[in-house]
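# Fold and contact review
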Amino acid sequence: MRRLKDDMLLCLIYLAAFAAEFLLIGILGYVFVKGFPQVSWHFLTSVTSVLQGTAGIAGNIVNTLYMVILTLLIAVPLGIGSAIYLNEYARPGKIVGLIAFTTETLSGIPSILFGLFGMVFFGSALGLGYSILTGAFTLALMVLPLITRNTQEALKTVPEAYRSGALSMGAGRWHMIRTILLPAAMPGILTGILLAVGRILGESAALLFTAGSGYFLPRSFGGWFRKLLESGGTLSVQLYLSMSKAQYSVAFGIAAVLLCMVLGINLLLRILAKKWDVV
Amino acid sequence: MTQGKVITKKLNIYYGSNHALKDVDISIRRNVVTALIGPSGCGKSTFLKTINRMNDLVDNVRIEGKVYLDGADIYGRGMDVTRLRKRVGMVFQQPNPFPMSIYDNIAYGPRIHERKSKAQLDEIVERSLRQAAIWEEVREGLYQSALRLSGGQKQRLCIARALAVEPEVLLMDEPTSALDPVSTLKVEELLCHLKKSYTIVVVTHNMQQAARVSDDTAFFLAGEVVEYDTTARLFSHPTDKRTRAYISGKFG
Ligand SMILES: Nc1ncnc2c1ncn2[C@@H]1O[C@H](COP(=O)(O)OP(=O)(O)O)[C@@H](O)[C@H]1O
Ligand SMILES: [Mg+2]
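A quick note: this is a predicted structure, and the numbers were derived from the prediction, not measured.

Residues and elements named next belong to chain B. Lining the immediate environment of ligand 1, one finds Y15, N18, A20, S40, G41, C42, G43, K44, S45, T46 and V58. T46 places a polar side-chain atom, nitrogen or oxygen, 2.5 Å from an oxygen atom of ligand 1. When ligand 1 sits alone it has 550 Å² of accessible area, and the protein chains cover 64% of it. Those elements giving two or more residues to the shell around ligand 1 turn out to be β2 (18–28) and α1 (44–51). Grouping the amino acids of the shell around ligand 1 by side-chain chemistry returns four nonpolar, six polar and one charged.

Structure (structure tokens):
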């Protein structure tokens, strides 16, 4: 009797696992089947031309890369830094509790609210306007909790004995953090970064009113720098815009490219994490 | 006229309101093994951690009195904690090799204190591993993770790591309590060799071990040093009846 119950439960668990797997493969497959015919060399390397009536996402790809890199440049040092401060320097108490609470809350806020704040604060108050920089600052706020939390969790799993071992040999606290803690916590930190990249790639609501929807490529060398202060729509933003204009084939093309990017970055970070994990 | 390597004067330590060490006056002789014995919670580790100022890291700790290393007040103004910890090494109860290669574990300390060439580091690594009697076992796999060693090997690696910065004093907090008998024996033999060049203070739960390896023994009870004498005298003619009771196994 007991056996039978166990077997049935096991069956259900397998079923659930299969269903989840099929759903994922189904979605991926659907997007790729609908999207790939749309993806041509021209689609990837040109920008949309209204005159010629052609679609191209080169500008959006560049914007996406800018957005990912800039956001990480802002959020990763800040996130890792605050995690180190909270875990290794701050005395547990009211302030640490408050910061932890704030971080937690920050990660639960709907992204459109970040968009609103980013537009008003970075865009208007700081005068950055509709620009990639405004978008990156806004997204940095959004992914900061992910990086901080994952780094903190990783630091917490590093045995206390490593810390006392290093300190007892005369290592300064910062030296100990740099040489022992951060390497040991690296897999967790990479996980945080991976999740952050996922959010950046997928975000549209917070970017529509901060980074806008520009899709042109820079025309000169200086243009690549000026671009930071110009409007630029990421792939996800363009996807949203294409859907709202009922250009579904373009939308699926973008979706396929986005998925490839996500898979690629996942793979890359997985390889990195393995490398760090050897010891 | 030989002065003690480490001398404490009216040393009192409080963790919050817990009075963990009470008026400890001790003079530890150089180049001998001094054992600290006593029931758990009596302040042996606290005393040990005071000598390399690892107690500074504890919240709410209050340290009163003086601790001298070669006559210099280690809590005095001129004392650089980094230098102090280089001179006073520590081995912990649980072997705690870092998650890196054997080589990097040993090189960790020397790299903190000054820039060294690869050749110098190679030399230090080999010398330290030899001193800790583990060279033969690991010489083939210096670049393998230290976490793959056995428990006893890990502890000898940690001893080698502590020796690599050429300390003067070696503090060991129950260094064999997590080890099997064979590894314990190896570490004990090691102590007898090392005392020629180092001043060693070892906390132990095990009275046979104290009798085997140490020259001097201090008996701690509830934060006080009840009796402190040569090991031979303390074990054969204890003057205090609490010492007599403890070494005959009546409590602890
Ligand atoms: N980090 C600490 N914080 C607070 N109290 C401590 C700390 N370390 C030790 N104590 C207290 O100090 C006393 C002595 O402890 P310890 O030195 O570890 O004893 P032993 O090593 O002889 O077992 C105990 O009462 C213990 O609870
Ligand atoms: Mg102890």
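Counting 98 residues, the largest nonpolar core has F47 and Y108 of chain B as its most contacted members. Sorting elements by how many residues they give to this core places helix α8 (residues 173–202) of chain A first, with 14 residues. Apart from the residues within four sequence positions on either side, F47 of chain B is in contact with T8, L11, L21, V24, I26, I28, L36 and F220 of chain B. Ranked by size, the runner-up nonpolar core spans 44 residues in total, among them W135, L179, V187 and L191 of chain B.

The next thing to look at is the pattern of salt bridges. For side chains of opposite charge, pairing can occur when their charged atoms come near one another. Enumeration according to the criterion identifies 27 salt bridges over all chains in this entry. A salt bridge links E153 of chain A to K156 of chain A; its shortest N-O distance comes to 3.8 Å. Here E153 of chain A and its partner K156 of chain A are both found in helix α6 (residues 132–157), three residues apart, which amounts to about one turn of the helix. Owing to a relative accessible area of 52%, K156 of chain A belongs among the exposed residues under this scheme. One connected set of salt bridges, linked through shared partners, spans K5, R30, D70, R87 and E168 of chain B.

Residues and elements named next belong to chain B. Among the five residues that make up strand β3 (residues 33–37), five are buried, leaving the element largely enclosed by the rest of the structure. Neither face of β3 is open: one carries V33, A35 and I37, the other T34 and L36, and all of them are buried. Judged from the four bridges that link them, β3 and strand β8 (residues 199–203) form a sheet pairing that is parallel. In the strand pairing of β8, T34 is matched with V201.

Right, let's talk about the interface of chain A and chain B for a bit. Taken together, the contact pairs 18 residues of chain A with 21 residues of chain B. Summing the contributions of chain A and of chain B, the shared interface buries around 1,700 Å²; its carbon and sulfur component is 65%. The interface formed by chain A and chain B includes one salt bridge. The partner of R91 of chain A in a salt bridge is D59 of chain B, and the shortest N-O contact between them spans 3.1 Å. Remark: the boundary between chain A and chain B carries six residue pairs in polar contact (both at pLDDT 80 or more). At the level of secondary structure, the elements contributing two or more residues to the side of chain A that touches chain B comprise α7 (160–168) and α8 of chain A. With seven residues, α7 of chain A is the single largest residue contributor to the side of chain A that touches chain B. Grouping the amino acids of the side of chain A that touches chain B by side-chain chemistry returns ten nonpolar, six polar and two charged.

Definitions and cut-offs
- Starting from 1, residues in each chain are numbered consecutively following that chain's sequence as written.
- A letter from A marks each chain and a number from 1 marks each ligand, given out in the order of writing.
- Residue-level local features of this predicted model are given only where pLDDT is at least 70; pairs of side-chain atoms are given and counted only at 80 or more, and the full residue set underlies all totals for whole chains, interfaces and linings.
- The basis for every side-chain value is the complete set of non-hydrogen atoms in the structure, without hydrogens or water.
- Here, proximity means that at least one heavy atom of the residue falls within 4 Å of the molecule or strand.
- We define a polar contact as two N or O atoms separated by no more than 3.5 Å, with the added condition that, inside protein, one atom must be a possible hydrogen donor and the other a possible acceptor, whereas residues neighbouring each other in sequence contribute only through side-chain atom pairs.
- Here the Shrake-Rupley method, with its probe set to 1.4 Å, supplies the accessible areas, and only the displayed protein chains count as covering residues.
- The secondary structure listing takes helices from DSSP runs of H or I that are at least 4 residues long and strands from runs of E that are at least 2 residues long, numbered from the N terminus.
- Throughout, the ten residues Ala, Val, Leu, Ile, Met, Phe, Trp, Tyr, Cys and Pro are labelled nonpolar, Asp, Glu, Lys and Arg are labelled charged, and all others, Gly among them, are labelled polar.
- Nonpolar cores were defined as sets of buried Ala, Val, Leu, Ile, Met, Phe, Trp, Tyr and Cys residues, with membership established by side-chain atoms within 4.5 Å.
- Note on classification: 1.4 Å probe, protein chains only; a residue is buried when its accessible area is under 20% of the maximum for its type, exposed when over 50%, partly exposed between these limits.
- Here, two residues are considered to be in contact whenever any of their heavy atoms come within 4.5 Å of each other.
- Here, a salt bridge means any side-chain nitrogen of Lys or Arg that lies within 4 Å of a carboxyl oxygen of Asp or Glu.
- Here, strands pair whenever DSSP counts at least two bridges between them.
- Buried area is a sum: the accessible area each of two parts loses on coming together, probed at 1.4 Å, counted once for each and added.

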